[in-house]
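# Observations on the model geometry
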Amino acid sequence: MRSLFEAIEDLFVNVLFAPFDFLRFMERDSWLAANGFNWLFVIVGSVAFVYWMIQLKKFNDNDEEDKTSTSHSYL
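Reading guide: rules and limits
Residues numbered from 1 in each chain as written. Predicted model: local features only at pLDDT ≥ 70, side-chain atom pairs only at ≥ 80, totals over all residues. Heavy atoms only, no water. Helix = DSSP H or I, 4+ residues; strand = E, 2+ residues; numbered from the N terminus. Rg over C-alpha atoms; globule rule 2.2 N^0.38 Å. Buried < 20%, exposed > 50% of the residue type's maximum accessible area, 1.4 Å probe, protein only. Areas by Shrake-Rupley, 256 points an atom, 1.4 Å probe, with all protein chains shown as cover. Lys, Arg positive; Asp, Glu negative; His and termini not counted. Charge placed at Lys NZ, Arg CZ, Asp CG, Glu CD. Salt bridge = Lys/Arg side-chain N within 4 Å of Asp/Glu carboxyl O. 1 Å grid on protein atoms, 1.4 Å probe; cavity = no way out; pocket = protein on both sides within 12 Å on 5 of 7 lines; lining within 4 Å. Points joined across faces, edges and corners; volume = space filled by probe spheres on them. Nonpolar A, V, L, I, M, F, W, Y, C, P; charged D, E, K, R; others polar.

## Quick word on the overall build of the protein
Counting its regular elements, the protein contains four helices and zero strands. Listing each helix as α and each strand as β along the protein from the N terminus yields α-α-α-α. Taking 2.2 N^0.38 as the reference for a compact globule, 75 residues should give roughly 11 Å; the C-alpha atoms of the protein span a radius of gyration of 24 Å, well beyond that estimate. The principal-axis extent of the C-alpha atoms belonging to the protein is close to 55 × 40 × 20 Å. In the protein, which comprises 75 residues, the share counted as buried stands at 7%. Approximately 7300 Å² of the protein is accessible, and the part contributed by carbon and sulfur atoms is 66%. Within the protein, the 11 negative side-chain charges are centred at a point lying 3 Å from the centre of the 6 positive side-chain charges.

What follows is the structure in structure tokens.
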């Protein structure tokens with residue numbers, strides 16, 4: 001069993017985390033290049049948020065949402 005967990009450790013440390021190690025060492029040369037992925041994720045998230053808000057407004061303006069008030073019977 002020990003060799004199985006060591007194989008999993010080796011997979012993650014030496015293979016799957018290699019891009020993160022590359023970004024960590026690249027930060028010494030260029031902060032902007034190393035954090036480019038972060039900025040990319042922020043931009044994609046912001047665009048998705050704006051699209052979501054536009055869709056919510058469109059459905060709200062069409063009165064497609066069921067706004068009936070329902071609650072538990074004991075209230």
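## Thoughts on the pattern of salt bridges
Should their charged atoms come close, side chains of opposite charge can pair. The tally for this structure, following the rule as stated, stands at three salt bridges. Across the salt bridge formed by Arg24 and Asp21, the nearest N and O atoms sit 3.2 Å from each other. One end of the pair, Arg24, and the other, Asp21, are both in helix H2 (residues 18-26), three residues apart, so they sit about a helical turn from each other.

## Examining the layout of surface pockets
Within this model, the largest pocket holds a volume of roughly 170 Å³. If you go around the largest pocket, the residues you meet are Pro19, Phe20, Leu23, Arg24, Glu27, Ala34, Asn35, Phe37, Asn38 and Phe41. Listing elements by their share of the lining of the largest pocket, those giving two or more residues are H2 and helix H4 (36-61). Of all the elements, H2 adds the most residues to the lining of the largest pocket, at four residues. When grouped by side-chain class, the residues that make up the lining of the largest pocket number six nonpolar, two polar and two charged.

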